[in-house]
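# Understanding the architecture of this molecule
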Amino acid sequence: MSSPTRRLTVAQALVRFLSVQYTERDGVRQRLIAGTWGIFGHGNVAGLGQALLEAGEDAMPYHQGRNEQAMVHAAVGYARQLDRLSAQAVTTSIGPGATNLVTGAALATVNRLPVLLLPGDSFATRAADPLLQQLEHPVEADLTVNDTLRPVSRWFDRVTRPEALIPAALHAMRVLADPVETGAVTLALPQDVQAEAYDWPEEFFAERIWRVRRPAPDPAELAAAARAIERAARPLIVAGGGVHHSGAEDALRALVDATGIPVASTQAGKGSLRHDHPADLGGIGHTGTAVCDDLARAADLVIGVGTRYTDFTTASNTLFQNPDVRFVNLNIAAFDAHKLAASSLVADARTGLDALTEALAGHRVDAGYEAEYRAGKERWERVVAAAYRGDDDAVPTQTQVLGALDAVVGDDDVVINAAGSLPGDLHKLWRARGRRQYHLEYGYSCMGYEIPAAIGVQQATPDTPVWALVGDGTYLMMPTEIVTAVQEGLPVNLLLIQNHGYASIGGLSESVGGERFGTAYRYRAADGTFSGDPLPVDLAANAGSLGMDVLRATTVRELRDALAAARASDRPTCVYVETDTATATAPPAEAWWDVPVAATASREAAVRAREEYERQVAARRRHL
């Protein structure tokens, strides 16, 4: 007796399959693919477009985007807000629609965040060859533009036959739901195959639950980690994004309360402890706090929890200077657990921290060490207060903008940023109050991420006030999804800072002998450089033209009032402020970052920068 089948197109079958996939962790079940973003063209309109229409909103909600890269950013923001337990799909046409996915895919994979990419592709049958937007390669005839997604995807497949969808779809779900493997997953869908009919086994459409595991540590690894911690005089925890993804904040706090070990956080891990916890010392590395970086230099044991150890965290391998320093890394991925020649503790962050707390029962760091780092924390709090403080009637500096926002937000608000000078100021100064309040995409540091990500976060948690913080350079990269926020009635808040160019890179350029070349938004001067008057660009008017309510502020007091009004609004709202860039209120970098400087140059600025570079690079070490 044959099994029952259902005749559907490949696209219809895929949408139906996706609608019944679920994750489950700790007994909580939710949709794995909760919705699909799409921009339609000839490569997907008759396939996935028709399938989404036929399925209806209850089976697969559809979200209309304006830019393919931005749609991926929105999906990434959504997945991060929901601890990677629920994700979204993104469908595009072939050609530029598909290649526009590459940047978003890289961001998702670098940050270990799930997103399902469904780009249209060239005809599998080659009945029309070449077709519109097809790449003709003189040597590899089966190569298409979608192959650009291979290196930035955690898993890639091209579905060239209807029956091939079954294993491809199952593998895609496995990777998306796996906390070790997750990232961008690409199913390239030739446009003729999308529309082809097939008799699908009914079992393909049965509900499936992908259980997100919490692996426990190996007993021998756990014992070794506990011994290392008990022997350390100056241990330091580095909390990364894995703490949040695992929901391990309470477990981390329990370990810290029991042992007194202080906590430094990466950009992704900030908020693992509340800012007012006595052991929370703030950010670490190039954009870290003085107390964190001072402790890191003297630490004899660094305990990484869910961190990738990027160059910003390690100050390009110049931060951990104790000649006897060793590392213990708790990470669900062995790839990350073994970094810096560490003793690895391969486990889920929450499970591993709980096990460490039990193994370390009765152990506590020396009281003098606790007193030292608590005094350092108090000193840094005074630095934060000074950076936030400003004359109510004065034009605010960038750090005073953050101070005004700090005075307005609640514990559950989400603050989103990705690029420019804001990540450094936020990492040093922001007082994170909730586990998901601090949303910095600094794995890929992608300009243009903030506004679409805010939409994804707002979709994931509709009652949460969400703030996208951008400078003018980032805003001009990708303001398009403002239209989506207006269309969907999503009350995202945009804090738009006008500083007339790429201010962050301008500062970096100056420090490495580049003399701020090509970083200002100004008219050309008589000498041909961009050093004339600022361009008369009205970004607030632009945001208003896309449908946002716009509030302009020129002083600290006006800014605070505008931020409070935006938070109370049920409409997408932009708060626009031009900052005082002449007054320095941001604390300087407390650790180095390696940006190579020209080894030979005739301009004095570059010569001096090279001398400083050689001095700094001499401190770099390999941890073996």
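Scroll up to find the structure this text is about.
Basis of the calculations
Residues numbered from 1 in each chain as written. Predicted model: local features only at pLDDT ≥ 70, side-chain atom pairs only at ≥ 80, totals over all residues. Heavy atoms only, no water. Pairing = 2+ DSSP bridges. Helix = DSSP H or I, 4+ residues; strand = E, 2+ residues; numbered from the N terminus. Axes fitted to C-alpha atoms, helices over the stretch in contact; angles between N-to-C directions. Buried < 20%, exposed > 50% of the residue type's maximum accessible area, 1.4 Å probe, protein only. Contact = heavy atoms within 4.5 Å. Phe/Tyr/Trp six-rings, centres within 6.5 Å; stacked < 30°, edge-to-face > 60°. Lys NZ or Arg CZ within 6 Å of the ring centre and 35° of its normal. Lys, Arg positive; Asp, Glu negative; His and termini not counted. Salt bridge = Lys/Arg side-chain N within 4 Å of Asp/Glu carboxyl O. Polar contact = N/O pair within 3.5 Å; in protein donor to acceptor, adjacent residues only side chain to side chain.

## Description of the sheet that holds strand β23 (residues 573-578)
- Taken in spatial order, the 6 strands line up as β19-β18-β20-β21-β23-β22 in an open sheet, and their pairing is parallel. Only two strands of the sheet have a single partner each, and these edge strands are β19 (438-440) and β22 (549-553). Within this sheet the neighbouring strands show an average axis-to-axis angle of 20 degrees, counted without direction.
- Pairing geometry for strand β18 (residues 414-417) and β19, over 3 bridges, is parallel.

## So, the pairing of strand β20 (residues 466-471)
- Among the 6 residues of β20, 6 are classified as buried, and the element is accordingly described as predominantly covered.
- Burial of β20 is two-sided: the residues Val466, Ala468 and Val470 facing one way and the residues Trp467, Leu469 and Gly471 facing the other way are all buried.
- Here β18 pairs with β20 via 3 bridges, running parallel. Among the inter-strand pairings, valine 415 is bridged to a residue of β20, identified as tryptophan 467.
- With 5 bridges connecting them, β20 and strand β21 (residues 493-498) associate as parallel partners. Paired with leucine 469 across the bridge in β21 is leucine 495.

## Let's talk about the sheet that holds strand β13 (residues 263-265)
- Across the sheet, which stays open at both edges, the 6 strands sit in the order β14-β13-β12-β15-β16-β17 with parallel pairing between neighbours. Edge positions in the sheet fall to β14 (280-283) and β17 (343-346), since each has one partner strand and no second. Across the sheet, the mean angle separating the axes of adjacent strands is 20 degrees when strand polarity is ignored.
- Here helix α14 (residues 349-359) sits on the sheet in contact with β15 (301-305), β16 (326-331) and β17, set at roughly 125 degrees to β16.

## A look at the packing of aromatic side chains
- Taken as a whole and assessed by the stated rule, the structure comprises 11 aromatic pairs.
- Note on phenylalanine 17 and phenylalanine 204: the rings are 4.6 Å apart at their centroids and 15 degrees apart in plane angle, and the pair reads as stacked. Remark: phenylalanine 204 occurs in the loop between β10 (197-201) and β11 (208-211) and phenylalanine 17 occurs in helix α1 (residues 10-18); sequence separation between them is 187 residues.
- According to the relative accessible area criterion, phenylalanine 17 is buried, its value standing at 0%.
- Residue phenylalanine 204 is classed as buried on the basis of its relative accessible area of 2%.
- A connected cluster of aromatic rings, assembled from ring pairs, spans Phe17, Tyr198, Trp200, Phe204 and Phe205.
- Here the basic side chain of arginine 552 rests over the ring of tyrosine 576, its NZ or CZ set 5.6 Å away from the ring centre.

## Points about the side chain of glutamate 481
- One can find glutamate 481 in the loop between α19 (472-477) and α20 (482-488).
- As a buried residue without a salt bridge, glutamate 481 has its nearest oppositely charged side chain in arginine 66, at a separation of 5.1 Å.
- Reaching out from glutamate 481, the side chain makes a polar contact with the backbone nitrogen of asparagine 67 at a distance of 3.1 Å.
- Leave out the neighbours within four places in its chain, and glutamate 481 touches Gly65, Arg66, Asn67, Ala70, Ile451, Pro452 and Ile455.

## Describing the pattern of salt bridges
- This structure, assessed with the given rule, holds 39 salt bridges.
- Measuring nitrogen to oxygen at the nearest pair gives 3.2 Å for the salt bridge that ties aspartate 178 to arginine 213. Residue aspartate 178 is found in the loop between α6 (165-177) and β9 (184-190), and its partner arginine 213 is found in the loop between β11 and α8 (219-231); the two are separated by 35 residues along the sequence.
- Take arginine 213: its relative accessible area is 42%, and that puts it in the partly exposed class.
- Across the pair aspartate 406 and arginine 431 runs a salt bridge, and its minimum N-O distance is 3.4 Å. You can see aspartate 406 sitting in helix α16 (residues 398-406) and its partner arginine 431 sitting in the loop between α17 (422-429) and β19, a full 25 residues away along the chain.

## A word on the side chain of glutamate 441
- Relative to the helices and strands, glutamate 441 resides in the loop between β19 and α18 (450-460).
- Within the buried set, glutamate 441 has no salt-bridge partner at all; the shortest N-O distance to an opposite charge, 6.8 Å, is to arginine 80.
- Separated by 2.9 Å, the side chains of glutamate 441 and asparagine 111 make a polar contact.
- If we ignore the near neighbours within four places in the chain, the residues touching glutamate 441 are Arg80, Leu107, Asn111, Asn417, Ala418, Cys446 and Tyr449.

Structural measurements only, silent on function.
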